[in-house]
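Coordinate inspection notes
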Amino acid sequence: MQTAPFVGKAEPIWKRLDGAGLVCIYLAMLLIIPARLVFSRIPMTLAPTIAFAALLGVLWLCSQLVDTLGVAKGHNAPRVALACFLAANLITYGVATRRHLPDDELNLADSGLIRITAMTALGVFVCDTVTVRERLNRLLRVLVGVIAVCAGIGLVQFALDLDLTQYLQFPGLKATSEYSNPERASFRRPSGTTNHPIEFGVVCAMAIPFAAHYLFRAMDRGEPRWKWALSLSMVGGGALVSLSRTAILSLAVVILVVIASVRGRRRLIVAGMSLGFAAAAVLAIPGLFGTLYGLFANIDSDPSVTSRTDDYDEAWRHIGLHPIAGRGFGTFLPDKYLILDNQYLMTLIENGWIGLVTFVGMFVVGVYAAVRVIVISRNREMRGLAGAMISAMLIALISAATFDLLSFSVIAGLSFFSVGLCGSLLRIARAENPPRARVGRVTWTEKLKASLKAGAR
């Protein structure tokens with residue numbers, strides 16, 4: 001006699017994981033595992049997030065061979081932009097390895113190609129596997145949550161000079177550097193689980209529009225809003241206490257884009273919340289406003305700025321040596337040549353003009369995809385998410401001008417992830433808003449076919 005299966009038995013979690021669930025795991029690894037931890041028993045510097053992103057790329061490739069997994073296929077502008085950037089890096093790698101490279105630069109070129117391939121695979125995976133709005137919302141809620149945790153760790157570093165990341169140790173990983181807590185105007189500059197205060201501030205700023213979106217969504221639905229208000233306060237505070245010009249510029253961009261993407265009274269609410277939060281931060285931390293003001297008031301004489309601009313002439317000399325395809329991604333060592341806090345110049349040196357065009361093109365195409373969502377979608381929630389995506393793309397473009405973005409694993413991973421999100425959002429918007437049939441209108445191709453048939457008769 002055959003026994004009936006137990007109906008109440010839950011499926012194993014690995015059977016319930018879809019593309020969005022796997023990307024949630026990636027985000028948790030990216031923001032919770034300290035960025036300075038890498039694999040300890042391999043001959044190259046490889047972060048666990050890069051290995052996991054490469055695994056997602058393999059899964060994406062396998063999913064393209066079948067039609068039963070529900071993975072999206074077909075044309076998508078952000079996916080094409082990601083593929084072009086990867087192709088540019090492959091060209092650079094091929095050109096660079098044809099000539100002699102010192103062993104240290106060749107090893108970095110190899111590991112750099114692995115990093116770029118893995119991050120590109122991550123963006124494509126997000127674009128093609130997150131195809132339902134509910135799963136997209138789940139993914140973005142996880143994003144806000146893990147960045148809030150990173151911001152909380154940074155706030156503890158700022159307020160108590162206590163590094164909680166020293167307790168985040170994982171077997172098989174080693175630290176590439178010790179935690180440092182630099183100061184600016186007697187304030188400690190936290191980095192959370194990232195590698196640098198600038199990166200920390202930019203990561204926190206990137207989460208603000210998504211946290212604000214879900215706060216407004218909870219208000220509209222009458223749902224509990226305290227967790228979104230707390231997350232918004234933590235990431236906003238993290239961006240401020242990073243004491244970074246890049247973070248402050250990113251905050252300004254976020255506020256302007258959010259105000260432009262909402263309507264009616266909500267614009268006043270956003271402006272009031274921004275001013276209120278800034279006032280509360282200034283009152284809670286005496287001297288913070290003066291320090292932030294000094295970052296821009298003394299910009300012409302600030303050594304951190306002049307040291308960057310003084311190297312531009314030398315940077316253009318290196319660009320002139322290999323202007324088209326560059327010298328190879330990752331091969332321009334700061335301790336061997338010079339320190340460049342500008343990703344655009346770094347990309348010109350390492351990937352040439354084809355690399356720069358495809359690098360900028362990724363984020364421009366991401367903005368285009370988000371704008372298309374605003375145009376074709378009739379859903380206010382989708383338009384709000386599109387506005388948040390535009391903020392993320394603009395933050396990446398601004399940050400690339402003020403520090404070498406691709407050298408920092410957390411913000412680099414989030415940037416490629418965000419480009420993939422723009423493609424995912426565009427797929428969802430097109431699925432939810434199919435083009436309307438044009439009744440009574442005959443296209444020129446139909447007229448041509450009719451005339452050919454009439455001539456044949």
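So, here's what we can say about the structure. Predicted, not measured: the structure shown is a model, and the values here were computed from it. (Residues numbered from 1 in each chain as written. Predicted model: local features only at pLDDT ≥ 70, side-chain atom pairs only at ≥ 80, totals over all residues. Heavy atoms only, no water.)

On to the overall build of the protein. Regarding its fold elements, the protein presents 17 helices and four strands. Burial analysis of the protein (457 residues in total) assigns 49% to the buried set. Of the accessible surface of the protein, which amounts to about 22,200 Å², a share of 64% is contributed by carbon and sulfur atoms. (Helix = DSSP H or I, 4+ residues; strand = E, 2+ residues; numbered from the N terminus. Buried < 20%, exposed > 50% of the residue type's maximum accessible area, 1.4 Å probe, protein only. Areas by Shrake-Rupley, 256 points an atom, 1.4 Å probe, with all protein chains shown as cover.)

For the rest of this paragraph, the subject is the pattern of salt bridges. Taken as a whole and assessed by the stated rule, the structure comprises ten salt bridges. Its salt-bridge partner being Asp128, residue Arg427 comes within 2.9 Å of it at the nearest N-O pair. With Arg427 in helix α16 (residues 409-432) and Asp128 in helix α5 (residues 103-129), the pair connects residues that are 299 residues apart, well separated along the chain. Under the relative-accessibility criterion, Asp128 is labelled buried at 0%. Close ionic contact of Arg221 with Glu381 constitutes a salt bridge, the shortest N to O distance being 3.6 Å. With Arg221 in helix α7 (residues 197-221) and Glu381 in helix α15 (residues 380-399), this residue pair connects regions lying 160 residues apart in the sequence. With relative accessibility at 47%, the residue Arg221 sits in the partly exposed group. (Salt bridge = Lys/Arg side-chain N within 4 Å of Asp/Glu carboxyl O.)

Structurally, Asn351 can be placed in helix α14 (residues 343-376). Residue class for Asn351 comes out buried when judged on its relative accessible area of 2%. Polar contacts involving the side chain of Asn351 include one to the side chain of Asn89, which spans 2.9 Å. For Asn351, the residues in contact, after removing those within four places along its chain, are Asn89, Thr92, Ile324, Ala325, Gly326 and Phe329. (Polar contact = N/O pair within 3.5 Å; in protein donor to acceptor, adjacent residues only side chain to side chain. Contact = heavy atoms within 4.5 Å.)

Take the environment of Ala35 next. Residue placement: Ala35 occurs in the loop between α2 (19-32) and β1 (37-39). Along the backbone, Ala35 and Ser177 are 142 residues apart, and their C-alpha atoms lie at a distance of 9.9 Å. Every residue in contact with Ala35, bar those within four places of it in the chain, is listed here: Thr193, Thr194, Asn195, Ser409 and Val410.

Quick look at the nonpolar core now. Counting residues in hydrophobic clusters, the biggest one holds 125 residues, and the most contacted among them are Leu27, Leu31, Leu140, Met362, Leu414 and Phe417. Top contributing element to this core by residue count: α7, with 15 residues. Once you skip the residues sitting within four places of it in the chain, Leu414 turns out to touch Leu27, Leu30, Leu31, Leu143, Ile147, Val203 and Met206. (Core = buried A, V, L, I, M, F, W, Y, C linked by side-chain atoms within 4.5 Å.)

Estimated volume of the largest pocket: approximately 1,200 Å³. Every residue lining the largest pocket is counted, 42 residues in all, and those nearest its centre are Leu108, Arg115, Leu406, Ser407 and Phe408. Listed by contribution, the elements that provide at least two residues to the lining of the largest pocket are β1, α5, α14 and α16. With seven residues, the top contributor of residues to the lining of the largest pocket is α5. (1 Å grid on protein atoms, 1.4 Å probe; cavity = no way out; pocket = protein on both sides within 12 Å on 5 of 7 lines; lining within 4 Å. Points joined across faces, edges and corners; volume = space filled by probe spheres on them.)

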